[in-house]
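Here are the chains, one letter per residue:
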Amino acid sequence: MCEMDELLLEGVSVRKLDDELRAISSWDKCVLIARAHAKVCALQLKCGDQLLVDTVLQLGSELFRTGGGTAILIGSSSHDDATSVLLLLSTIEEATQLWTLLLKVCRDGQLKEDDQQKCAFNLRTEEASAAHYFQWYGHLCQQQNMLQDYVRTATYQSAFLQNSEMFKDKVVLDVGTGSGILSFFAIQAGARHVYAVDASDITSHCQQLVNSNGLAHRVTVINGKMEEVTIPEKVDILISEPFGYMLYNERMLETYLHAKKWLKPDGHMMPTQGDLYVAPFSDEMLYMEQTSKSQFWQQTAFYSLDLSSLKQASLLEYFSQPIVDTFDARILMAKPFKFSTNFETAHESDMYNATVWLSTAPHQPLTHWYQVRCLLQAPLLAYAGERLTGTVLLNANERQSYDVSIQVSVGTGSNKRSSSNTLDLKNPYFRYTGVAPMPPPGSHVDNQTELLWSNYGFQGNKQSSMTQPPMAYPTMNYGLTMNPAFSGMNLLPQQQQQMTMGGAASEVGVADPPKQ
């Protein structure tokens, strides 16, 4: 670190949060000044003539990067004020500049000698987590699971072939190649050469496929972390399938963005954008199912042992698990809020021949990502037409995942009701059984027997249309479909409802948005 590192950023949005990460005040178009020297960093935030934050950060300060990489959260214990401060930067580049400066300070002024030898991946990842991660993806059965996801695999091939003019005679870098399927699709689309990089042992199998398909002269397989390997030349296109549950899980997107250091200034990325959707939902059966699990710990004579002291701890654990499954889209109680992340640089070009979307929405064909729902432990009562507001924070951790903090409110004044929860995305509950999800109770507004006979009974075997528009229904509202932060949404006009909010949004459930 030099004698004095100074950074000035304009157009920064500032949010002060309480101890439950609820926004209590906000400012936009602020100026940030950071001055780092030795083992401290003086940080000032100004909005016009008003000084919002004037603090000194040092070793041990609480720092989190979230919001797709453009948001930095400074914990309440890191400065004089009792509140946490959320900084929303204009671009990934600005956020990375500030994050790098703050990390230097939090790592004792200079990076420790052993850390200087570590790549960005190792600095952000626990060693045990990384070992398990690469071992998991080194198995052919895991690669088969992804390859057999027809929607995922066929969408990628279609996107590459529809953009064959962009791939023609180009050099491509495949980030996290796995079996090498995207590298082969790039060759099919006309790429001159592909560098296929993966840190797991799957590269030996990938090399075998390259050799057996006669492509050794056009595909170079490289074993190693993307953050550590050297690519022989700059590339024209970056390709990857970097998505996890709720889009961001596994933190592979950070590796994908890191690979841009090998991308030519006029290069392209496929995929280019990811969208995460959050919406409130209601599912009484799911809520009761999770609640009932803790009844085991209510026993007072289990082999003559009283287990009841662990009842509350078990309940907290069950509700900290995001639910990975699929559901009938009619359980959604409001239009989703969308959070988008553009993977390209600010000077993104518009040279694609076609735009192809890969969706994991509940009303689209099922993929191996399913959807994700986050439950609120405390049900939230809501009335038709009320406005729901809240905050969803994805706080990156060293286990290649996120801690999802959700806070939601409905109503105003003395009638305001709130609920919150924190979930561990690294430890989801895989609930999917392969059975088609049932429509929510109360979704039928016609006599089903009469409808059946009117369509079948008097028309032989000929069936007329029996499709029905989504209808309002009275129910408990239990969750949200996932999105990092939302300012507000109006509940669909329907009858009085009781909502149990959970997950990273406003209800008991969070559904993983369409990843595109």
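See the structure printed just above.
Residue positions are given per chain, counted from 1 along the sequence in the order it is written. For a predicted model such as this one, the threshold for reporting local features is a pLDDT of at least 70, and the threshold for listing and counting side-chain atom pairs is 80 or more; totals across whole chains, interfaces and linings nevertheless cover every residue. Water and hydrogen atoms were dropped before computing side-chain values, which therefore reflect all heavy atoms in the structure.

Undergrad: Got a sec to walk through the side chain of Arg 373? Specific residues and values, please.
TA: The helix and strand labels rest on DSSP assignments: H or I over at least four residues marks a helix, E over at least two residues marks a strand, and numbering proceeds from the N terminus. In this structure, Arg 373 sits in strand E16 (residues 371-375). Between N or O atoms, a polar contact is any pair within 3.5 Å; within protein, one atom must be a potential hydrogen donor and the other a potential acceptor, and residues adjacent in sequence are included only when both atoms are from side chains. Looking at Arg 373, its side chain comes within polar contact range of the side chain of Asp 325, at 2.6 Å.

Undergrad: Before we move on, can you summarise unusual backbone geometry with the specific residues and values?
TA: In this model, Met 270 is joined to Pro 271 through a cis peptide bond whose omega is 10°. Here Pro 271 is to be found in the loop between strand E12 (263-270) and strand E13 (273-281). In this structure, Leu 247 is a non-glycine residue whose phi angle is positive, near 70°. By the secondary structure assignment, Leu 247 is in the loop between strand E11 (235-240) and helix H10 (252-258). With a phi close to 85°, Glu 250 is a non-glycine residue in the positive phi region. Relative to the helices and strands, Glu 250 resides in the loop between E11 and H10.

Undergrad: Residues and numbers for the sheet that holds strand E10 (residues 219-223), please.
TA: Here the rule is simple: two strands pair whenever DSSP picks up at least two bridges between them. The parallel open sheet is built from five strands, whose spatial order is E10-E9-E8-E11-E12. Each edge of the open sheet carries a strand with a single partner, namely E10 and E12. Neighbouring strand axes in the sheet, compared pairwise and without regard to direction, differ in orientation by 20° on average. With four bridges connecting them, E11 and E12 associate as parallel partners. The residue of E12 that forms the bridge with Ile 237 is His 268. By the convention used here, residues are in contact when the closest approach between their heavy atoms is within 4.5 Å. Each axis is a line fitted through C-alpha atoms, and for a helix only the stretch in contact is used; angles between axes span 0 to 180 degrees, taken between their N-to-C directions. Set on the sheet, helix H9 (residues 202-212) makes contact with strand E9 (193-198) and E10; between it and E10 the angle comes to about 170°.

Take it as geometry only, folks, not as evidence of what the structure does.
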